[in-house]
Amino acid sequence: MADSVVPFNMFKANPLLMMIHMSRYIGTKVLHGCDYLGEKLAYFFGITKPKYESEIREYYWMMEQEKRRKERMSQSFSGWAEMGEDRVVVQPEKR
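All figures in this text were calculated on a predicted structure; none of them were measured in a lab.

About the criteria used
The written sequence of each chain sets the order in which its residues are numbered from 1. pLDDT decides what is reported in this predicted model: residues at 70 or higher carry local features, side-chain atom pairs at 80 or more are listed and counted, and totals for whole chains, interfaces and linings draw on all residues regardless. To get the side-chain values, take all heavy atoms of the structure and skip hydrogens and water. By the criteria applied, helices consist of DSSP H or I runs no shorter than four residues and strands consist of E runs no shorter than two, each listed in order from the N terminus. Here's how the labels work: a residue is buried when its accessible area is under 20% of the maximum for its type, exposed when over 50%, partly exposed in between, all with a 1.4 Å probe on protein chains only. For accessible areas, the Shrake-Rupley method is used with a probe of radius 1.4 Å. Any residue's cover is judged against the shown protein chains and nothing else. Think of pLDDT as the predictor's per-residue confidence, scored from 0 to 100. Residues enter patches when they are more than 30% accessible in relative terms and free of salt bridges; like-charged ones are connected within 9 Å and nonpolar ones (Val, Leu, Ile, Met, Phe, Trp, Tyr) within 5 Å. Each reported salt bridge corresponds to a side-chain nitrogen of Lys or Arg within 4 Å of a carboxyl oxygen of Asp or Glu. Each Phe, Tyr or Trp ring, with Trp reduced to its six-membered ring, pairs with another whose centre is within 6.5 Å; inter-plane angles below 30 degrees give stacked pairs, above 60 give edge-to-face pairs, and intermediate values give tilted ones. A helix is expected to span 1.5 Å for every residue after the first. Here a polar contact is recorded for every N or O atom pair within 3.5 Å, except that within protein the pair must consist of a potential hydrogen donor and a potential acceptor, and residues adjacent in sequence are included only if both atoms are side-chain atoms.

Within the protein, the secondary structure is distributed over three helices and zero strands. For the protein, the sequential pattern of α-helices and β-strands runs α-α-α. For the protein, buried positions account for 1% of its 95 residues. A total of about 10,200 Å² of accessible surface is found on the protein, and carbon and sulfur atoms cover 62% of it.

Below, the structure is given as C-alpha cells:
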C-alpha cells in the first residue's frame, strides 16, 4: 500500500507555475532584505527622526519664551493704565 503513493512534483508538472512560484518567493526575499538593509542604513546615518521635528520643537520653545516675556511685561507694567481704559489707578499721596 505504501508503494501506491506517488509524490507530486509541481516543478516538473507545469513550468509556468514553477516560474510564478519562484519569482514570488525570490521577490519577497529580496524585498525583506532591502527593508532590513534600509532600516540599518537609516539608523547608521541617523535619519530615523521625523523630518520637521526640530522645527516643531523650536516653534514650541519660541511660544513658551513669548509667553514668559508677556508675563514679565504684565508684571512689570502692573498698575499702569493706558489712555481710554476703564481702570482706576491709585496714585500715592504727596506729602
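Back to the text.
This paragraph deals with the confidence of the model for the protein. This prediction gives the protein a mean pLDDT of 82; 76% of its residues lie at or above 70. Looking across the protein, the model is least confident in helix H1 (residues 10-13), with a mean pLDDT of 71, and most confident in helix H2 (residues 15-45), with 93.

Our next topic: a nonpolar patch on the surface. Taken together, the side chains of Leu37, Leu41, Phe44, Phe45 and Ile47 present a nonpolar region at the surface, about 600 Å² in accessible area. Along the chain, Leu37 turns up in helix H2.

Further remarks concern the pattern of salt bridges. When the charged atoms of two side chains lie near each other, side chains of opposite charge can form a pair. By the definition in use, this model includes three salt bridges. One salt bridge in this structure joins Glu66 and Arg69, with 2.6 Å as the shortest N-O distance. Pair noted here: Glu66 and Arg69 are both in helix H3 (residues 53-76), with a separation of three residues, about one helical turn. Given the relative accessible area of 31%, Glu66 is considered partly exposed. Judged by relative accessible area, Arg69 falls into the partly exposed class, the value being 36%.

We now examine the packing of aromatic side chains. Any pair of aromatic rings gets described here by the distance separating the centres and the angle formed by the planes. Counting across every chain of the model gives two aromatic pairs. Aromatic pair Phe44 and Phe45: ring centres 5.1 Å apart, planes at 75 degrees, arrangement edge-to-face. Here Phe45 falls in the exposed class, since its relative accessible area comes to 58%.

What follows concerns H2. In this model H2 runs 44 Å from its N-terminal to its C-terminal C-alpha over 31 residues, within 8% of the 45 Å that 1.5 Å per residue would give. At the N-terminal end of H2, a side-chain oxygen is found 3.2 Å from the backbone nitrogen of Leu16, two or three residues along, and the residue is Asn14. Directly after H2, the chain includes Gly46, whose backbone phi takes a positive value near 75 degrees.

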